[in-house]
Amino acid sequence: MTQAKLLNDSDYIYEEVEIEQVQQLLNDGYDVEVDSPEGYTKVLRYVEKGTKWMFDIKCNNKDIHASYDHLFETQEGWVLTHELDPSKHNILCDDGKFHSFTIEDTGNMNEVVDIEVSNPKHRYYTNGLSSHNTNIGKTLMLCSMAASMLLAGKKVLYLSFEDPELKIYQRIAQNLMDITQNQLKTMTRDTFLQRFEQVKQRCIGGRLKIKHQPEFTTNALMINSMLKEYKEREHFEPDVIFIDYIGCMIPNGYSKDMNDNTRLTQVAMQVRAIATTYHLPIVSAAQVNRGGYGSADVGLDDAADSFGQMTKADAVFIVTRPPEMEKAGMYKIFLGKTRYGITGPTMTTIGVDTEKQRIYDLTQQQVSVFEEEHSDTYMATPDNGPDINDFI
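Parameters at a glance
- Residues numbered from 1 in each chain as written.
- Predicted model: local features only at pLDDT ≥ 70, side-chain atom pairs only at ≥ 80, totals over all residues.
- Heavy atoms only, no water.
- Salt bridge = Lys/Arg side-chain N within 4 Å of Asp/Glu carboxyl O.
- Buried < 20%, exposed > 50% of the residue type's maximum accessible area, 1.4 Å probe, protein only.
- Helix = DSSP H or I, 4+ residues; strand = E, 2+ residues; numbered from the N terminus.
- pLDDT = per-residue confidence, 0-100.
- Contact = heavy atoms within 4.5 Å.
- Pairing = 2+ DSSP bridges.
- Axes fitted to C-alpha atoms, helices over the stretch in contact; angles between N-to-C directions.
- Core = buried A, V, L, I, M, F, W, Y, C linked by side-chain atoms within 4.5 Å.
- Lys, Arg positive; Asp, Glu negative; His and termini not counted.
- Polar contact = N/O pair within 3.5 Å; in protein donor to acceptor, adjacent residues only side chain to side chain.
- Patch = residues over 30% accessible without salt bridge, like charges linked within 9 Å, V, L, I, M, F, W, Y side chains within 5 Å.
- Areas by Shrake-Rupley, 256 points an atom, 1.4 Å probe, with all protein chains shown as cover.

Attention now goes to the pattern of salt bridges. A side chain of one charge can pair with a side chain of the opposite charge when the charged atoms of the two come close. Summed over the entire model, instances satisfying the criterion amount to 15 salt bridges. Ionic pairing is found between Lys58 and Asp63, a salt bridge with its closest N-O pair at 3.3 Å. Judged by its relative accessible area of 48%, Asp63 falls in the partly exposed class. Two residues, Arg233 and Glu229, come together in a salt bridge whose shortest N-O distance is 3.5 Å. Taken together, the residues Arg233 and Glu229, both in helix α6 (residues 220–234) and four residues apart, mark about one turn of the helix. Glu229 gets classed as partly exposed once you look at its relative accessible area, which sits at 39%. Residues participating in the shared-partner salt-bridge network are Glu38, Glu73 and Arg123.

Dropping the structure here:
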């Protein structure tokens with residue numbers, strides 16, 4: 001249950017609605033906004049996430065039925081449901097305070113749905129508890145690319161504004177060790193050290209530095225200072241920087257009355273200046289706005305909050321995943337822009353293994369088999385177009 005604000009015929013209606021009702025409301029032409037710590041925030045889309053392992057949470061006189069991998073906001077940051085510990089964590093509630101809770105494994109599997117919101121901090125209140133909107137794969141792609149850079153012997157700096165450093169290390173370790181999250185958690189110390197040594201032999205010359213910063217506290221000047229400090233104190237000079245992600249940054253000289261378009265345009269311009277100064281690539285991600293969801297023709301102007309950030313980028317890749325591709329473990333990637341013009345192929349299909357936090361090349365035969373099996377739906381139309389879109 002969540003508090004929603006519905007707009008139809010220029011009138012706002014405030015109602016308590018179940019998450020399952022949101023899709024019908026959107027289909028009926030309502031603009032749906034849900035309550036969040038930042039105030040009411042627009043719902044971009046409704047997502048069916050399949051059958052998942054469920055938990056019951058009781059907090060601040062509220063009951064919530066949540067999947068094992070749903071994120072809740074605690075005083076220590078975002079924590080997955082199955083990792084919530086009442087002895088360590090308190091959950092942020094709609095009174096602005098962190099409250100104690102109880103949690104119970106139901107032992108059941110249920111169909112799960114979620115929503116994506118336009119909130120810059122990606123959060124909304126679920127029955128009064130601050131929870132993170134649905135995961136759409138930006139961090140997975142950035143972690144997979146970071147792992148590939150390490151295997152190529154590159155020095156990687158990964159800046160995270162949402163997941164803590166340990167969580168990013170775990171994602172990259174799953175990729176490099178070719179294991180799932182559950183396998184990593186149940187692995188013995190000796191087995192882990194053996195796998196770790198094997199990874200070190202494959203990443204000759206590669207170094208990884210992960211830095212977590214709170215959201216909306218970091219600007220380009222701070223990154224510049226960070227790079228100088230790493231060089232002087234640790235002799236670490238990255239070959240590539242991953243920012244997870246640029247929408248969580250503020251520009252130099254930020255003021256609170258600055259709108260999102262101005263903020264993100266200035267951030268992109270200043271981050272590009274860092275890349276130019278240090279002669280290295282900086283990779284980040286952004287989500288699309290509601291107009292881009294369900295559209296076969298996603299463009300640069302579909303970037304959430306700011307078209308300006310797209311204009312400053314040297315290259316933009318648009319990642320889409322129609323429902324049939326999601327089930328098959330595939331992404332479709334379009335080259336949306338390069339600063340030097342587009343002359344070659346502009347689209348490719350890749351594989352994604354969420355359990356091992358990896359994207360990978362597919363053979364032409366694998367792609368052809370998929371296209372033959374989905375010949376009626378593979379070519380997206382405005383009615384059955386991509387369900388999940390991102391910019392990289």
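Once the structure has been displayed, the description carries forward.
So, about the confidence of the model for the chain. Scored by pLDDT, the chain has a mean of 84; 85% of the residues are at 70 or more. Low pLDDT (under 50) marks residues 290–296, which in the prediction has 28 contacts with non-local residues, meaning those over four places away or in another chain. Between residues 380–388, whose pLDDT stays under 50, and residues either more than four places distant or in other chains, the model counts 30 contacts.

What follows concerns the sheet that holds strand β14 (residues 207–212). One open sheet holds the four strands; their spatial order is β14-β13-β15-β16, and the pairing between them is parallel. With partners counted over all chains shown, the strands left at the sheet margins are β14 and β16 (282–283), one partner each. Pairing geometry for strand β13 (residues 155–160) and strand β15 (residues 240–244), over five bridges, is parallel. By the bridge assignment for β15, Val156 is matched with Val240. Along the sheet, helix α2 (residues 138–151) contacts β13, β14, β15 and β16; its crossing angle with β15, the most-contacted strand, is approximately 165°.

Before going further, it helps to examine the nonpolar core. Counting 21 residues, the largest nonpolar core has Tyr158, Ile172, Leu176 and Phe242 as the members making the most contacts within it. Secondary structure elements with two or more residues in this core: α2, β13, α3 (165–177) and β15. Sorting elements by how many residues they give to this core places α2 first, with five residues.

Moving on, we come to the side chain of Lys337. Looking at where Lys337 falls in the secondary structure, it is placed in strand β19 (residues 330–338). Buried charge without a salt bridge: Lys337, with Asp314 as the nearest opposite-charge side chain at an N-O distance of 6.8 Å. In terms of polar contacts, Lys337 uses its side chain to reach the backbone carbonyl oxygen of Thr311, at 2.9 Å.

Here the focus is a nonpolar patch on the surface. Together, Phe192, Leu193 and Phe196 make up a nonpolar patch on the protein surface, roughly 240 Å² of accessible area in all. Structurally, the position occupied by Leu193 is in helix α5 (residues 189–202).

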